[in-house]
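Listed here are the chains, written in short residue letters.
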Amino acid sequence: MKTNPADRFYFYVLLFFITAFAGWFWEVLLFFFTEHAFINRGVYEGPYLPIYGTGGILLCMLLSRLKKRPFLVFSLSLSVCTVLEYLTSYFLEHKWGIRWWNYSSHFLNINGRVCLLGAVVFGLGGTALVCLFLPFYEKLFERITPGWRKAVCLFLLLVFIIDGARCATRPNTGAGISFSSNDFSIFP
């Protein structure tokens, strides 16, 4: 990829939204099959989960040069994403007094914020992202004209900022989306 600062910015903005949408889609499907209902997961109203977008950018920045070493990428993805998930859970709960996930009933969990199964899934997802998707994405990104990159990124950022401003005072909560700090229901 070119080292032009604008290109790098647009590269990461689009990567953020692709991985944030992929995470949202994954969780919607997971809850659709486990709860048999459409549940718009996450703090925001839009079809994206910023924790996945942030994780995608972190993994790209930290691990993209290791794409030929999938076992190392798996281990590091597992670690980075587990720390990110724990810190995000802690922040959200202390900010709003609400948990958006609770793994208390899962094997090898830490304070219900992270668990072994989730860590392994994030390790696998990170490996797929770094070793399979990023090389494809880099080639695809180069084919998008600079004008389209800018337009799409600005539109996505505008929608995200508006959604974020609204959710800063009224986050997306409700049945199947979040739980009070005292609720320790089974939560995939």
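1. A few points about helix H4 (residues 116-143)
- Between its terminal C-alpha atoms H4 stretches 39 Å, which fits the 40 Å expected from 28 residues at 1.5 Å a residue.
- The largest bend along H4 measures about 50° and falls at Phe133, with the proline Pro135 one to four residues further on.
- Of the residues making up H4, those classed as buried are Gly118, Ala119, Phe122, Gly123, Gly126, Thr127, Leu129, Val130, Cys131, Leu134, Tyr137 and Phe141.
- Packing partners of the buried residues in H4 comprise helix H1 (5-35), helix H2 (50-63), helix H3 (70-96), strand S3 (114-115) and helix H5 (146-169).

2. Examining the state of the cysteines
- All chains considered together, the criterion is met by zero disulfides.
- In this structure Cys115 is not part of a disulfide, and its nearest cysteine sulfur, from Cys81, lies 13 Å away.
- Residue classification places Cys115 among the buried residues on the basis of a relative accessible area of 5%.
- Note on Cys131: no disulfide assigned, nearest cysteine sulfur contributed by Cys60 at a separation of 12 Å.

Conventions we followed
Residues numbered from 1 in each chain as written. Predicted model: local features only at pLDDT ≥ 70, side-chain atom pairs only at ≥ 80, totals over all residues. Heavy atoms only, no water. Helix = DSSP H or I, 4+ residues; strand = E, 2+ residues; numbered from the N terminus. Expected span 1.5 Å × (residues − 1). Bend = angle between axes of the 7 residues up to and from the residue. Buried < 20%, exposed > 50% of the residue type's maximum accessible area, 1.4 Å probe, protein only. Contact = heavy atoms within 4.5 Å. Disulfide = S-S within 2.5 Å.

By themselves these figures say nothing about function.
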